[in-house]
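# Results of the structural survey
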Amino acid sequence: MANTDTKEIRYVGVKENLAYGFANAGQVFGYNLVAGGYLSLFFTKVFGIPAAAVSTMILFLGFWDAVNDPLMGSIIDKTRTRYGKLRPYLILVPLPLAITTILLFAGPEILADTKSTTIKIIYMYISYFIWEFFYTLGDVPFWSLSTAISPNPNDRTRAISSARFISSILGGLSTTFLVVMMDLSNNGTWKLTLSQDFLILAVIAGTFGMGLFSLAGWKTKERVVQTVKEPSIIDGFKVLFKNKPLMLIICSNLIGTLGGLAGVFQTYYYSEVLNLNSAVIWINLPGTIFGFLTYLLIPKLKKKFDNRQIVILNLVCRMVTAVVVFVVGLKFYKSNVLVVSILLMIQNFIFSFFNTINMVIPTEMIGDTVDYMEWKTGERNEGVSFSVLTFLGKLTGSVSTSIGTALLPVIGLTFVEVSATERIAVKGDYTDLWIWALYILVPHMLSLLSVVPYLFYDLRGDKLAQIRSDLKKRREELSKEVSEEVDENE
């Protein structure tokens, strides 16, 4: 009965959910320029940096995140202010993140007259490292807030769904604009170069996007009571290894890291095989529309399946779909744009259902592991626990982008400079086939292995219900304790 009572109380209203959602949209608008193959394409084709150097840098900073993100999470968990432990970071970060986003993509313009590859590589390292630092400092508390915003699991689901839904509409506009602008530049329809295309969108991301992101700091609340005692940074790291459900999620995501290759080679498929960047817009459109509707189906789906079952179903269905599309598309992937467009539309329509679910369920599961550790130890560690979510997302992007970029010369794809602002692709006999396989088939076959850790995940059913019931009682007692301590200090 205790668990039922918790569900009946709604703490987060529509305005706050919208603020949280629009904040995520602002953040994602800029992040999408860095995600998948766009960063690789920017550094290699636009900035003119060798693929090996780009691959090394992205991989190095990806592994640095393994230390950096949990460290940031531990620092956040130690924070105690009258604004909460998460919101202060969300208030302060948008401005420096705006500046570093612009600087990251300003390199080709700032160094337009520079012939030295070494100087370009140094600029790439410094600008990307600083951007990554501020992005982490904002991303970890933002997703930690999805758990601290309410003790009610339904509130959390609504907040996460709002964030993912709105960001999928507004946040995705950056790459929609980008592919159209790239085609216009490549076709000579307008005078802008590819580097200017990226820079214009970076300026929009840094101004409009970060303006929206600041809503998370100013228009939301933290409602889950924290202990007065500040945990040490070492204790913050220890929680990762004590939290078995969280470790299983980490293992699954690490195994599935190479699934990110699909995003990398999608970019190269449209750019170098179809030679039509904007094709991604109409190919993804039916799936995008259906994906929006999927958010309405999540509550019904959760009544029939638990989170673990949903994740496993997602991975299996994606792999089966990928195999069918790859085989059927072998005759058309580079010779018939119409047929391959229809084929990819069907694939993306199917994937959109699972993509939407994948935007909500794993985040919710990490929130459950935070509750689990509070139930087990009495301490909440949103910062460290959600640093895992941000780290895994960036690790997937970093490793897949690094490996994907390193594979370019292996599969016979290189870029030759024909002028100061233009580079053309040189391909081998089987380059297009490799791009098709690395876009459609290989990533999803590798991702299926990530099912294994979830077979041992037991934070579900009666166990999870009991944890939530126990925590409701404890939080009521903790709330009284914190209030009494505050009164004594005053």
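See above for the structure.
An account of the accompanying structure is given in this report.

How each quantity is defined
Residues numbered from 1 in each chain as written. Predicted model: local features only at pLDDT ≥ 70, side-chain atom pairs only at ≥ 80, totals over all residues. Heavy atoms only, no water. Salt bridge = Lys/Arg side-chain N within 4 Å of Asp/Glu carboxyl O. Helix = DSSP H or I, 4+ residues; strand = E, 2+ residues; numbered from the N terminus. Buried < 20%, exposed > 50% of the residue type's maximum accessible area, 1.4 Å probe, protein only. Phe/Tyr/Trp six-rings, centres within 6.5 Å; stacked < 30°, edge-to-face > 60°. Axes fitted to C-alpha atoms, helices over the stretch in contact; angles between N-to-C directions. Parallel < 35°, antiparallel > 145°, perpendicular 65-115°, else oblique. Left-handed = near helix turned anticlockwise from the far one by under 90°. Contact = heavy atoms within 4.5 Å. Nonpolar A, V, L, I, M, F, W, Y, C, P; charged D, E, K, R; others polar.

### Focus: the pattern of salt bridges
Enumeration over the complete set of coordinates arrives at 10 salt bridges. Residues Lys 45 and Glu 272 are paired through a salt bridge, measuring 3.1 Å at the closest nitrogen-oxygen approach. Taken together, the positions of Lys 45 in helix α3 (residues 38-46) and Glu 272 in helix α15 (residues 261-273) put the pair 227 residues apart, joining distant regions of the chain. Take Lys 45 and Glu 272: they sit in the same class, and that class is buried. Between Lys 463 and Asp 458 there is a salt bridge, and its shortest N-O distance comes to 3.2 Å. The partly exposed category is assigned to Lys 463, whose relative accessible area is 30%. Overall, Asp 458 belongs to the partly exposed group, its relative accessible area being 35%.

### Regarding the packing of aromatic side chains
As enumerated under the stated definition, the model contains 25 aromatic pairs in all. Relative to Tyr 268, the ring of Phe 265 lies with its centre 6.3 Å away and its plane at 50 degrees, an arrangement referred to as tilted. Of this pair, Phe 265 and Tyr 268 both sit in helix α15, separated by 3 residues, roughly a single helical turn. The class for Phe 265 is buried, based on a relative accessible area of 0%. Residue classification places Tyr 268 among the buried residues on the basis of a relative accessible area of 0%. Three or more aromatic residues joined by ring pairs make a cluster, and in this case those are Phe 42, Phe 43, Phe 47, Phe 105, Tyr 123 and Phe 198.

### Observations regarding the packing of helix α18 (residues 337-377) against helix α20 (residues 431-440)
At a closest axis distance of 13 Å, the pairing of α18 and α20 adopts a crossing angle of 20 degrees. With respect to α20, the axis of α18 lies roughly parallel. In this structure, α18 meets α20 at a crossing whose hand is left-handed. Where α18 abuts α20, its residues Val 340, Leu 344 and Gln 347 lie against Trp 436, Tyr 439 and Ile 440. Here the contact of α18 with α20 is built from residues that sort into 5 nonpolar, 1 polar and no charged.

### Structural notes on α20
Of all 10 residues in α20, 8 are buried, a share of seventy percent or more. Taken as a whole, α20 has its buried residues at Thr 431, Asp 432, Ile 435, Trp 436, Ala 437, Leu 438, Tyr 439 and Ile 440. For α20, the elements touching its buried residues are α15, α17 (307-329), α18, α19 (382-410) and α21 (442-447).

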